[in-house]
Protein chains: 2
Amino acid sequence: MNMSFTLDPRLEKDTVAIGKVGLCQILLMKDARFSWIIIVPEIPGLTELHELQGSDYKDVMTLVHTLSSEMKARLSAHKMNVAALGNMVPQLHIHIIARIEGDAAWPSPVWGVGTAVPYTDIALERQIETFNSIIINITG
Amino acid sequence: MNMSFTLDPRLEKDTVAIGKVGLCQILLMKDARFSWIIIVPEIPGLTELHELQGSDYKDVMTLVHTLSSEMKARLSAHKMNVAALGNMVPQLHIHIIARIEGDAAWPSPVWGVGTAVPYTDIALERQIETFNSIIINITG
């Protein structure tokens with residue numbers, strides 16, 4: 001069933017692949033202003049959260065729970081933002097964003113605020129290490 | 001445990017109570033531009049989605065699934081938006097918004113776009129009827 005899944009080109013362009021947990025790709029947004037993860041279930045053709053059925057929905061929501069909890073602790077976030085929107089990129093994807101008081105969009109949502117700031121190589125490496133360690137912690 | 005739960009005053013001010021399903025209050029945003037529901041688990045002190053534990057998390061996410069699915073069908077929505085943000089109102093609440101192509105914020109998220117437009121009495125009555133019927137369908 002996953003054979004015909006292809007990541008939406010815009011998600012691919014805007015993110016760095018971190019890893020995979022269960023049926024979900026875990027992607028890091030290329031925007032150094034926020035610790036911003038996107039998870040994408042590798043099921044072709046889904047656009048709505050509620051199109052995930054049965055154990056797929058349960059598994060994805062368990063991953064959201066765990067990632068949100070781990071990210072809040074590890075990144076000392078003040079607030080986690082979790083959202084499935086998809087008005088512009090219809091392929092089902094779920095945002096999990098660690099918000100820090102005073103960050104570039106605070107207290108507004110992050111979408112459409114200013115322009116993405118590229119990571120430096122070192123900052124990107126550090127961020128990927130952090131998320132790899134979170135994923136190992138989750139799956140380990 | 002629910003005895004000391006009090007709805008955040010800002011949520012109370014901005015919404016009309018529709019009903020209750022399981023442990024969640026179902027509120028309608030007083031903004032005629034969008035069919036916009038907010039669900040609030042009646043558990044004191046929660047701010048993060050991941051603070052819902054075990055069967056509470058499962059029950060709330062099942063309600064989100066059902067409401068999103070029913071709203072999309074009944075309101076002929078083009079896209080459902082589901083989000084737990086809470087940067088301004090920390091009490092845990094989950095937005096479920098039926099988006100229509102060309103609505104007042106499309107394709108942007110709804111938060112912070114323009115000003116809420118009050119419902120007329122008739123439109124509010126009709127909207128409440130629709131949601132009551134959705135709730136009866138869910139719980140029936």
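Sequence order as written defines residue numbering, which begins from 1 separately in each chain. Both sets of labels track the order of writing: A upward for chains, 1 upward for ligands. Confidence filtering applies because this is a predicted model: local features only for residues at pLDDT of at least 70, side-chain atom pairs given and counted only at 80 or more, and all residues used for totals across whole chains, interfaces and linings. To obtain the side-chain values, all non-hydrogen atoms of the structure were used and water was disregarded.

A short note on the sheet that holds strand β2 (residues 24-29) of chain B
Argument step 1. In this analysis, strands are considered paired if DSSP registers two or more bridges between them. A run of H or I in DSSP becomes a helix once it reaches four residues, and a run of E becomes a strand once it reaches two; helices and strands are each numbered from the N terminus. One open sheet holds the 10 strands; their spatial order is β1(A)-β2(A)-β3(A)-β5(A)-β4(A)-β4(B)-β5(B)-β3(B)-β2(B)-β1(B), and the pairing between them is antiparallel. Only two strands of the sheet have a single partner each, and these edge strands are β1 (15-21) of chain A together with β1 (15-21) of chain B. Between one strand axis and the next, the sheet turns through 20° on average, direction left out of account. Only the stretch in contact is used when fitting a helix axis, every axis being a line fitted to C-alpha atoms; angles between N-to-C directions are given from 0 to 180 degrees.

Here's the deal with the relation of the copies chain B and chain A
Argument step 1. In this comparison the copies share one frame, found by least squares on the C-alpha atoms of residues holding pLDDT of at least 70 in both. Least-squares fitting of chain B to chain A yields an RMSD of 0.0 Å, with the superposition described by an axial translation of 0.0 Å and a rotation of 180°. Here the copies are linked by what is in effect a two-fold axis. By C-alpha distance to the rotation axis, the residue of chain B lying nearest is A83(B), at 2.0 Å.
Argument step 2. Note on contacts: a residue pair qualifies if any of its non-hydrogen atoms lie within 4.5 Å across the two residues. When the interface residues of chain B are mapped onto chain A, 100% of them again lie at the interface, so the same face is used by both copies.

Regarding empty space enclosed by the protein
Argument step 1. Only protein atoms enter the 1 Å grid used here. Points where a 1.4 Å probe fits but cannot escape make up a cavity, open sets with protein on both sides within 12 Å along at least five of seven lines make up a pocket, and a residue lines them when an atom lies within 4 Å of a point. Grid points are joined across faces, edges and corners, and a volume is the space filled by probe spheres set on the points. Enumeration according to the criterion identifies two cavities of 30 Å³ or more in this entry.
Argument step 2. Roughly 90 Å³ of volume is contained in the largest cavity.
Argument step 3. Taken together, L49(A), M61(A), V82(A), A83(A), A84(A), I94(A), L49(B), M61(B), V82(B), A83(B), A84(B) and I94(B) form the lining of the largest cavity.
Argument step 4. In terms of residue class, the lining of the largest cavity is made up of 12 nonpolar, no polar and no charged.
Argument step 5. Together, 14 residues line the second largest cavity, and K79(A), T47(B), L49(B), A84(B) and L92(B) are the ones closest to its centre.
Argument step 6. With three residues, strand β4 (residues 79-84) of chain A is the single largest residue contributor to the lining of the second largest cavity.
Argument step 7. Along the lines of polarity and charge, the residues of the lining of the second largest cavity split into seven nonpolar, five polar and two charged. When residues are sorted by character, Ala, Val, Leu, Ile, Met, Phe, Trp, Tyr, Cys and Pro go into the nonpolar class, Asp, Glu, Lys and Arg into the charged class, and all the rest, Gly among them, into the polar class.

Side note on the interface of chain B and chain A
Argument step 1. Across the contact, 32 residues belong to chain B and 32 residues belong to chain A.
Argument step 2. Throughout, the accessible surface (probe 1.4 Å) given up by two parts as they are put together, summed over both, is called the buried area. Buried area between chain B and chain A, summed over both chains or domains, comes out near 2600 Å², and the portion from carbon and sulfur atoms is 57%.
Argument step 3. The largest contributions to the chain B side of the interface with chain A come from H50(B), H65(B) and N87(B), which together make up 26% of the buried area.
Argument step 4. In the sections that follow, a salt bridge refers to a side-chain nitrogen of Lys or Arg positioned within 4 Å of a carboxyl oxygen of Asp or Glu. Joining chain B to chain A, the criterion identifies four salt bridges.

Nothing here speaks to function; it is all geometry.
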